[in-house]
Amino acid sequence: MTTQQNHKITVCTTCRYKGTDCRPGSELIEKLRAAIKAAGDAVPEDFEVSGVACMAGCDRPCTVAYHGSRKATYLFGDIDPAVDIDDLVTFAQQYAYLHDGWCSSVDRPGKLRKSTLARVPCAIIALEASEICAS
Ligand code: FES
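Residues numbered from 1 in each chain as written. Predicted model: local features only at pLDDT ≥ 70, side-chain atom pairs only at ≥ 80, totals over all residues.

Chemist: Honestly, the overall build of the protein in this entry has me stumped. Any pointers?
Modeler: In terms of helices and strands, the protein carries 3 helices and 5 strands. Its helices and strands in sequence order give the protein the pattern β-α-β-β-β-α-β-α, from N to C terminus. Taken over C-alpha atoms, the radius of gyration comes to 16 Å for the protein, in line with the 14 Å a tight globule of 135 residues would show. In terms of its C-alpha atoms, the protein occupies a principal-axis envelope of roughly 55 × 35 × 35 Å. By residue count, 28% of the 135 residues in the protein fall in the buried class. The contacts in the protein between residues at least 6 apart in sequence include a share of 67% that link residues at least 24 apart. (Helix = DSSP H or I, 4+ residues; strand = E, 2+ residues; numbered from the N terminus. Rg over C-alpha atoms; globule rule 2.2 N^0.38 Å. Buried ≥ 20, exposed ≤ 12 C-beta atoms within 10 Å, placed from the backbone. Contact = placed C-beta atoms within 7 Å.)

The following block contains the structure:
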């Protein structure tokens, strides 16, 4: 039996530190997966951690997004895998408990207070009955 994860963390795999060829996205994914696993029940929901090439925050490497079913989406920038893993795990814990995912900057942990590039409300899109039948 498989369980559906309804929380996701997406890490940019193509962000590059300015003036270097270093692309730390893959390292960030591995560290974040390990830290969430190590946190155990402290993070009350399963999070799928995956990568994507570019989330349009290229001037603020690395970028990391949090999304969940019926929840606000966040995009954070300036994330450094060497120093920001604890803040990312703490936010995963917090995000899991927020019923709509919405929180203000002062409630976010550490660097995430000032490195938010976007906070997008959830969208619940109702389909007309005729559209449901056509799909
Ligand atoms: S390359 Fe990472 S956001 Fe564009």
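Now, onward.
Chemist: Mind showing me how you'd approach the pairing of strand 1 (residues 7–12) here?
Modeler: Looking at chain direction, strand 1 and strand 2 (residues 47–52) are connected through 6 bridges and run parallel. Looking at the pairing, I9 lines up with V49 of strand 2. As a crossover connection, the stretch from strand 1 through helix 1 (residues 25–39) into strand 2 is right-handed. Of the pairings in the sheet, the one linking strand 1 to strand 3 (residues 64–68) comprises 5 bridges and is antiparallel in character. (Pairing = 2+ DSSP bridges. Right-handed = clockwise from strand over helix to strand, strands pointing away.)

Chemist: Teacher, can you tell me more about the sheet that holds strand 3 here?
Modeler: Consider a sheet: its strands pair through backbone hydrogen bonds, and that pairing is either parallel or antiparallel. Strand order across the open sheet formed by 5 strands is 2-1-3-4-5, with mixed pairing between neighbours. Each end of this open sheet is capped by a strand with a single partner; those strands are strand 2 and strand 5 (116–120). The sheet shows a mean angle of 15° between the axes of neighbouring strands, direction not considered. The sheet contact formed by strand 3 and strand 4 (residues 73–76) spans 3 bridges and is antiparallel. (Axes fitted to C-alpha atoms, helices over the stretch in contact; angles between N-to-C directions.)

Chemist: Whenever I open this one, unusual backbone geometry confuses me. Can you help?
Modeler: Negative phi values dominate among residues other than glycine, just as trans dominates among peptide bonds. In the segment running from P61 into C62, the intervening peptide bond is cis, with an omega of -15°. If you trace the backbone, C62 turns up in the loop between strand 2 and strand 3. Not every positive phi belongs to a glycine, and A56 is a case in point at roughly 65°. If you trace the backbone, A56 turns up in the loop between strand 2 and strand 3.

Chemist: Which parts of the structure should I look at to understand helix 1?
Modeler: Side chains of residues three or four places apart in an α-helix project in the same direction, reflecting 3.6 residues per turn. An ideal rise of 1.5 Å per residue puts 21 Å on 15 residues; helix 1 measures up with 21 Å between its terminal C-alpha atoms. Listing the buried residues of helix 1 in full gives G25, L28, I29, L32 and I36. Seen end-on, helix 1 carries its buried residues on one side only, within an arc spanning 100°. In helix 1, the exposed positions that point more than 90 degrees away from the buried face belong to S26, A34, K37 and A38. In this structure, the buried side of helix 1 is in contact with strand 1, strand 2 and helix 2 (85–97). In the stretch just after helix 1, G40 is the one whose phi turns positive, near 60°. (Expected span 1.5 Å × (residues − 1). Arc of directions from axis to C-beta.)

Chemist: What is the right way to read the nonpolar core from this model?
Modeler: Side chains that are nonpolar tend, in soluble globular proteins, to be buried together. Residues I9, V11 and A92 are the most contacted members of the largest nonpolar core, which totals 25 residues. For this core, the elements supplying multiple residues, two or more each, are strand 1, helix 1, strand 2, strand 3, strand 4 and helix 2. Among the elements that take part in this core, helix 2 stands out by supplying 5 residues, more than any other. The residues touching V11, leaving out its near neighbours within four places in the chain, are G25, L28, I29, V49, G51, C62 and V64. (Core = buried A, V, L, I, M, F, W, Y, C linked by C-beta atoms within 7 Å.)

Chemist: Help me understand the environment of A65, please; the structure alone is not making it clear to me.
Modeler: The topology assignment puts A65 in strand 3. Once the C-alpha coordinates of A65 and P81 are considered, the two residues, 16 residues apart in sequence, prove to be 14 Å apart. Residues contacting A65, with those up to four places away along its chain left out, are T10, M55, T73, Y74 and L75.

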